[in-house]
Amino acid sequence: MPEGDTVWQTARRLHTALAGHTLVRSDLRVPRFATADLTGRTVLDATPRGKHLLTRIEGGLTLHSHLRMEGAWKIYAPGERWRGGPSHQIRAVLATAGRTAVGYRLPVLELLRTEDEEQAVGHLGPDLLGPGWDAERALSNLLSDPDRPIGEALLDQRNLAGVGNIYKSETCFLVHASPWLPIGELPTPERLVAAAKKLLDTNRDRPVRNVYIYGRAGSPCPRCRTPIRQAPQRDRPTYWCPSCQGN
């Protein structure tokens, strides 16, 4: 499931494959931008912003994409068979002489002027994996609605950017708090921000995430051995330990 660490890794792969190279092929398979041709332009960089990807291209252009639940960017060498899914799921192709980046099942794909990037990502709170990470601002955002359940507050990308369903559950577990607890009732709430930051920092370079409880309903809690529970929170899967974190 793509969250801030997945997007960070994807941006790094795109940057390594494309940055500094000229595009020899571009194909944006969404109606609004189907006629756009980026061939001949140099890719400048690929940058993550929370769960968003910004691929900046010579001439003041940015290709903005979002993976949501099932999207992915795959990198292929010349002649390598594309294996990310059937061709009808391809939404973007960016190719240089040495590498081809193929975007599959991208629910958001738009070509922007680089100067207009804030229209796409300006609403986001501090990026947990970004160079401008601001823990104090993130905490202030979270506490601006003290009656809001912790789990919901963490998922709101306007508060802090990069947490999804997995890290919502994992962060609450680390601070011994129920995802349904009003955030204003959490003692020392700065622990919540620190835990979220630590989780994403720890996992951003790992090919497989290290998780404690997510996806492990019925398994023993790693702290107290109580069976982990799962229930929806605003239709999002949530995992918690009823003993360590409360009901």
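About the criteria used
- Residues numbered from 1 in each chain as written.
- Predicted model: local features only at pLDDT ≥ 70, side-chain atom pairs only at ≥ 80, totals over all residues.
- Heavy atoms only, no water.
- Pairing = 2+ DSSP bridges.
- Helix = DSSP H or I, 4+ residues; strand = E, 2+ residues; numbered from the N terminus.
- Axes fitted to C-alpha atoms, helices over the stretch in contact; angles between N-to-C directions.
- Contact = heavy atoms within 4.5 Å.
- Parallel < 35°, antiparallel > 145°, perpendicular 65-115°, else oblique.
- Left-handed = near helix turned anticlockwise from the far one by under 90°.
- Nonpolar A, V, L, I, M, F, W, Y, C, P; charged D, E, K, R; others polar.

Draft legend 1. Main features of the sheet that holds strand β6 (residues 90-95). In spatial order, the strands read β1-β6-β7-β5; together these 4 strands make up an open sheet with antiparallel pairing. Bordering the open sheet on either side are β1 (25-28) and β5 (72-76), each of which pairs with just one other strand. Strand-to-strand twist across the sheet, computed as the mean angle between neighbouring axes with direction ignored, equals 20 degrees. Two elements, β5 and strand β7 (residues 100-104), share 5 bridges in a ladder whose sense is antiparallel. Residue Tyr-76 lies in a different strand from β7, and its bridge partner there is Thr-100. Of the strands in this sheet, β5, β6 and β7 are in contact with helix α1 (residues 4-18), which crosses β5 at around 30 degrees.

Draft legend 2. Local environment of the sheet that holds strand β2 (residues 43-49). Pairing within the open sheet is antiparallel, and its 4 strands lie in the order β2-β3-β4-β8. Each edge of the open sheet is held by one strand with a lone partner, namely β2 and β8 (108-113). On average, adjacent strands in this sheet sit at an angle of 20 degrees to one another, irrespective of strand direction. As defined by bridge partners, β2 adjoins strand β3 (residues 52-57) across 6 bridges and the pair is classed as antiparallel. Within β3, the residue paired with Asp-45 across the bridge is Arg-56. Of the strands in this sheet, β2 and β3 are in contact with α1, which crosses β2 at around 175 degrees.

Draft legend 3. How the structure looks around the packing of helix α3 (residues 135-143) against helix α6 (residues 190-203). It is the contact of α3 with α6, at a shortest axis distance of 9 Å, that shows an interaxial angle of 120 degrees. Compared by their axis directions, α3 and α6 come out oblique. Classified by chirality, the crossing of α6 by α3 is right-handed. Residue-level inspection shows Ala-135, Ala-138, Leu-139 and Leu-142 of α3 in contact with α6, the latter providing Glu-190, Leu-192 and Val-193. Grouping the amino acids of the contact of α3 with α6 by side-chain chemistry returns 6 nonpolar, no polar and 1 charged.

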